[in-house]
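Observations on the three-dimensional arrangement
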Amino acid sequence: MDNKETPKRRPLPTPGVVPAQRPNTPVPGALNSAVVAPASFYGTPKTAPPMRSQTIGSSHTTYIAPGDPPPYRSSSATGFREPELVTEEPTAVVQSSNEWNGTGNTSAFPDYVESYKGENWGPGLPAKATAWNNFEDYDDPMAYVHTSKSPADVTINGRNDYEEMHWWDPALRDEEMRPGPGMIPTVLAEALHDPDHSLFSVHVNMPDIKVPSAPPAPAPSSESDPQPSSSSPARNAWQSSSSPAPSTSTTAASPPPPTDSDVRTAVPHPNAYYCPKENGWVILSWKSSTVSPPYARSFKESRHLPLPAQDRRRRTPSCLETGPLNPANMTHHFHKYEKAVDSHKLTPPFRMEEWEVNESVKQKRRAHTISEGIDIEKMNPKDLDSIDDVNTESEGRSLDLYICCQCSVYCVASGVIPGVIPRKCFDEFIRDKRSSPPAGMSGEVAVFEAFETIVRIIENKLWKGENRLLRTDRKQFQMRLGWNPNTKRTLEVLGFTEEVFENQPALRPPPTDLGGTVGRMNRRRLLRAWVEVSAWLVDFKRLHGKCISDDSLRLPSIIVPSRLFVASQFKDYSEKKPLWVQIESAREMYQQGIGAHPDQITRGELSGAVLQAVQLQGRDWKNLGLTPMSYSPELLAFAYYAQVRCDPARTVEYFTSFTKIVTLLQNFPGCPQSLPEILATERSRDRFTSEDLDQAAWALGFGENNVLCVEYNEADVPEQFLENAWRDCVKRSWRESDNGSEMLRSANEAFRILAEARGSESLRRAWESGKSRIMTPDKAYDTLEVPKEVDEAMLITVYNMRMDESPSQFEKMKEAMSVIAEVRDSQRLRQFLELGRDPGEIVEPTRPDLPRGLNQLGNTCYLNSLLQYFYTIKDLREAVIPMLKLDLKSVEDEKFTDDDLKRHRVGGRLVTRREIVRSKKFINQLAELFFNLEYAEAAAVTPSIDLAKLALVTSRDEEEDEADRGASDSSNDTDATLVDDAPPRASVTDPSAENVRSPTLSPHSVLGKRSRDIERQPSVMDLDSPTTFPSSPGREDFLSTPSRLSSDSPPPLMAPGSPSRMPEASGSRSSSHMDVEVPDAPLPKPPPLPPRKNQTSDSVMMFGKQHDVAECMDNCMFQIETALLKFDGVSESEQGQSSDKTSVVKRLFYGKLRQRLTGPQPSRSSVHEKEDLFSHLPVNVTNDGVDIYDGLSGYFDDVVEFNGEKRRMEVSLVDLPPVLQIQLQRVQFNRETLQPYKSQAYVKFGETIYMDRFMDNADPEKKARSKAIQARLNTVRERTRLLVEGKGVPFLTAIEHASAFVSKLGLNFTDVDDELRSALNVEQSSLKEEIDALRLEADDLKEELETVWRDNTEIPYELTSVFIHRGSTPSFGHYFFYSRHLPHSPDSWFKYNDSDVTEVSKEEVLADTTGSTANPYLLVFARKGSEVVDTVKRFDVTMLEEGV
């Protein structure tokens, strides 16, 4: 941070001395002077102007009018922007022979003399001068504190270390009565007035205007000489307003022109400064005085922050002065008190003029604070002041007070006091003239000439007594002013009234006679407006001097509108007319007075990127009462210390802002080391930030997703609750074996922070007493003299023994036992301490709103997952639960005719009576289970044996078992049998089967699913217990498991010699076939499947034959659909299709797809299309590096063998179900080892999947493009896999080993070929480069593929369930599943692990499983917005209690 050189400035007064100001209050340096007479208040004539005062105070009470006005300098810029001091340049000063003198009419300020006599500010004054001391003369709480030095060597006094360390104590704060937040002088300089605006000191010279003699009285007017009507105001302003209407000529004597005193007192107040931007005034007064400011009574009676200690302030004249008796501060520290000073008590007092009071009363009437019946316009102006003071009891305008808390300096400031012409009217007038200047004149010149004309009009009215009408239709008036609403409004504000003369508008000047109240008011108003507009013109010329030529100033001094005006009177108007007002920038003066001058506080130490960064922390700088432009390390530290000293209640806020600023500065080079040292020192004093406060609340467990599930709010959280949260956190730390000590330390620190932030003495005492007396778990075990591993029964026995041995240690022993109970989270030990006896083993109750688990009956964890999954499907659950009332005996006795059985098809076939009865039993048992899951209080429910048997064993298996035993009950059955699911892929089987109209698309032979006629072995991760697979050849190196795409599709083509008859197809899809004859071609026979090994598992002994998870799900869904069939009231027209329309299973789980099989050269004879139903979509899982979209793409676009040739199989989705099930087929078959294996590859999936790209109506162009990209992506991935993995040893690994071996040989043998080693190294590098390039290309292709479909998000599905298999082989392992908490808490999940149900985060569900044996094998998605999933369905006991 480089310091910029301070620009050269003109010499300033002695440092520490408050500079002089315009005439104002007596100051200590002038106390011996005699009281100034009212007549000479503004000075005596022809006396040399004084130099800037070296005494303390903002002004003198005497004023010496200059003989020759000295040259002055004014700002060359319109506003002030730190850090630069605005340079000044001389402006044109018009010399005048008229001087400001002490003579003249003092009635303009009638209260000055009396107010001045009673308001002597300073020491040694009369008794009345110290009357205000009783208001704030209280003991100084910092009187004994000496100047302190911070680590940054900052000089600051008034600090109290005890008070700063106990800043949180409200009682101490009330006792010390600190003044509250403060500000550095640079901030005060900006607060006094808008920093973008400039304030000017206005000096008025007596105009050198010749007063004309009154013309002789003209002859009486004739009828041919039209005159204004008698209703017009008096033409002669010096006459009474009640006089009759005069003639066109003035007969009375001309009124006297304004005196020198009148001109000078046109400025509202000696300490008033003019702002051209606002066309208003600001009263600024600063001084160093041991006398209290003149507080307003309303302020003293109001509630406000404490005033600074007056005793301390009296001891130090100024913080900027150094001396043995003045402990110095680096600078002032001001405190603001709004509306604290009464303007009537200033010296001289400031009172509102009558026209200002009039406007104020109108505003009060609008606010209904005075009676609506008062007619303001008809009242005498002298009575308006009494109306204005009705509620304030003669209290004047309230001014803001800024007091330095460490010295006698203070500053009084008003807001903007509006000028005669309101700013809105002023700005509209300027905008009108600038936008529509006369021809040949620029906008700036037009503005200048318009206002200069108004000045001349006022001068001729006041000094020349011109009372004639202003004719608005005259050429000069139109050119200079123009007649429009803006001009009219502006002149009406000055008191001119509109009349009609010769059918043209004219303006009547206001009466200004001294004999009437209205005349005197108008006279002062015109003088004030004359000063304001003249000052504005001087500033305007300074800013736009290049745009305004001297010729533009050669204007007539007045535009005479009357037709009686003699042309000869224009003879002198071409002469240049001066402006009699001078302005001088007041910025340096008040900056020096309050200690904000750049020579007192340097600017610009921060610049560039550092300045831009810190300016973004505006709130933090404002909190410290500082600005980035005035930054220095010492001043930043001073501002922080001063705020903490004066406003201890907001210590946290100030330390937060200080920390943010210093932390940001540390990110840039050049940060002073002193600032981090201060930060570290304050941290050691237990300071904390607002971020620390939030972290403390979180550490104690507060937060919506935290332990307490309650947000921390100081107003809502009782102290006792907070203390209990702390003690609970301490107990939790005991149970943490790894970071328990750190958690305990954090809990204690967090509790202290929250206690201090609340300002709670009771919580602070609890922390003080508890932080050192808390017994830790180690102490507890040592106290009872037992090891940590002791069981609870033995621990209770030892405790009773210790109590008998040492009854005096009862409290200590009990505390130790309590700690151990919390460490172990033992309800048994807690109840023992409460009851005094051992309650024995205690089973913890399960939360009533938590889902219930299922106990295992054997190796059936996959069945438990499936049943729990069914329970989460809302529509399915609601369809099953009513079956609890089913009468099974009547079902068994019910007889079904063949016609009844032919009415429905399930799974694309007819069902038998045996299957119907069996299914009714299954759904009745399932309904009972669902009922228990809803109402059971136990943590887990046990399914019935019958339910497990019916779910795990199919009716076909039962028939086979009975046939093996020589018994059968097939009465009332049909020829229909349970068959496999419908095929989604073309079967690669013997094409010689007869009556095949089109190739049946089935995955069974392609993916490796076996026919039920063949004895099969357990597969697809079906058992928890291991099963041995015999060796058997396979058709391919890796053979996938089957996919169950539809239970409505026909079975696969049979092997040679098997029956060729297929079950009747479902009528719902018969119309969608487009059959094409395919020539028969012999195919090689597939190798025989390995025979089942004759072994018996526990589950087989209990339930008979079992099938894999997929077949178990098919069996359950088949039985649910069959059990819900209705055989009564089914019309013939609904036969064969009613089940498809009414089945809840079909409605929830089944969608429709379209399959298309094409040859190498597509033609009508080689293309086959069909539509089919599906319940699952398969994803073949073989390699890492793919996501769910890649896996589905491989299914929807694949190549299969048909009739000995490669055919392309394309699948698209026609209709999607509400519940979409995607099966991840992890069981693969290794042809070389002749063993199945489980692929542990990670398939990435998210919370949402969009199915738009797989729909049949998707954009064909996007489909074609994505297919091309996907084909190239598959090629790249396959090449990468070949290089990295290979079929045997990976190529890269082989090359690396070979190269290392040859290099090793070269060390021992000299005949090793160097070219061989070099070639191996080159090949190794080449392989690495190729692999890197392939991986990079794969990433780019994947990104390009996702970009194609990025905007297709109309079919979203959200993840609801994830089924997991944990195990390294498909022959054994464990099953569990996750279910999303829908619809109430979609970000949380439940983990169903048999009897255990726990809540987990979504991060666990979506975690990368690379390297883990616990992988998803089934993903379930629900259509977003379908609301088909309702995870938790539990009976709410509270609802029953409320009903009671």
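Just so it is clear, the model here is predicted, and its values are computed rather than measured.

With that out of the way, let us pick up the overall build of the chain. Counting its secondary structure elements, the chain contains 47 helices and 35 strands. Taking all 1444 residues of the chain together, the buried fraction comes to 53%. Surface exposure of the chain reaches about 65,800 Å², of which carbon and sulfur atoms provide 51%.

Sheet architecture is open: three strands sit in the order E12-E14-E13, paired in antiparallel fashion. Both outer strands of the open sheet, strand E12 (470-471) and strand E13 (497-501), are each paired with one neighbouring strand and no more. Pairing of E12 with strand E14 (residues 504-508) involves two bridges; the strand directions are antiparallel. Its bridge partner lying in E14, Leu470 is registered against Leu507.

Our next topic: the pairing of strand E24 (residues 1197-1202). Bridge count between E24 and strand E25 (residues 1205-1215): six bridges; the pairing is antiparallel. Following the sheet pairing, Glu1201 is matched in E25 by Lys1206. Hairpin remark: E24 followed by E25, antiparallel, with two residues in the connecting loop; positive phi at Asn1203, about 55 degrees.

Once that is clear, we can look at the confidence of the model for the chain. For the chain, the average pLDDT comes to 74, and 68% of its residues sit at 70 or higher. For residues 22-148, every residue scores under 50 in pLDDT, and the model assigns this stretch 347 contacts once sequence neighbours within four places are set aside. Confidence drops under a pLDDT of 50 for residues 550-575, and excluding neighbours within four residues, the segment shows 59 contacts in the predicted structure.

With the rule as written, the count across this model stands at 33 aromatic pairs. Aromatic side chains Trp536 and Phe540 sit 4.8 Å apart centroid to centroid with 15 degrees between the ring planes, which places their arrangement in the stacked category. On the criterion of helical spacing, the pair formed by Trp536 and Phe540 is a turn pair, its members being four residues apart in helix H15 (residues 517-543). Residue classification places Trp536 among the buried residues on the basis of a relative accessible area of 7%. Taking relative accessible area as the criterion, Phe540 reaches 4% and is therefore assigned buried. Pairing Phe702 with Tyr712 gives two aromatic rings, centres 5.1 Å apart and planes at 70 degrees, and the pair type is edge-to-face. In this pair, Phe702 is assigned in the loop between helix H22 (690-699) and helix H23 (719-734) and Tyr712 in the loop between H22 and H23, connecting sequence segments 10 residues apart.

What counts, and at which threshold
- Residues numbered from 1 in each chain as written.
- Predicted model: local features only at pLDDT ≥ 70, side-chain atom pairs only at ≥ 80, totals over all residues.
- Heavy atoms only, no water.
- Helix = DSSP H or I, 4+ residues; strand = E, 2+ residues; numbered from the N terminus.
- Buried < 20%, exposed > 50% of the residue type's maximum accessible area, 1.4 Å probe, protein only.
- Areas by Shrake-Rupley, 256 points an atom, 1.4 Å probe, with all protein chains shown as cover.
- Pairing = 2+ DSSP bridges.
- pLDDT = per-residue confidence, 0-100.
- Contact = heavy atoms within 4.5 Å.
- Phe/Tyr/Trp six-rings, centres within 6.5 Å; stacked < 30°, edge-to-face > 60°.

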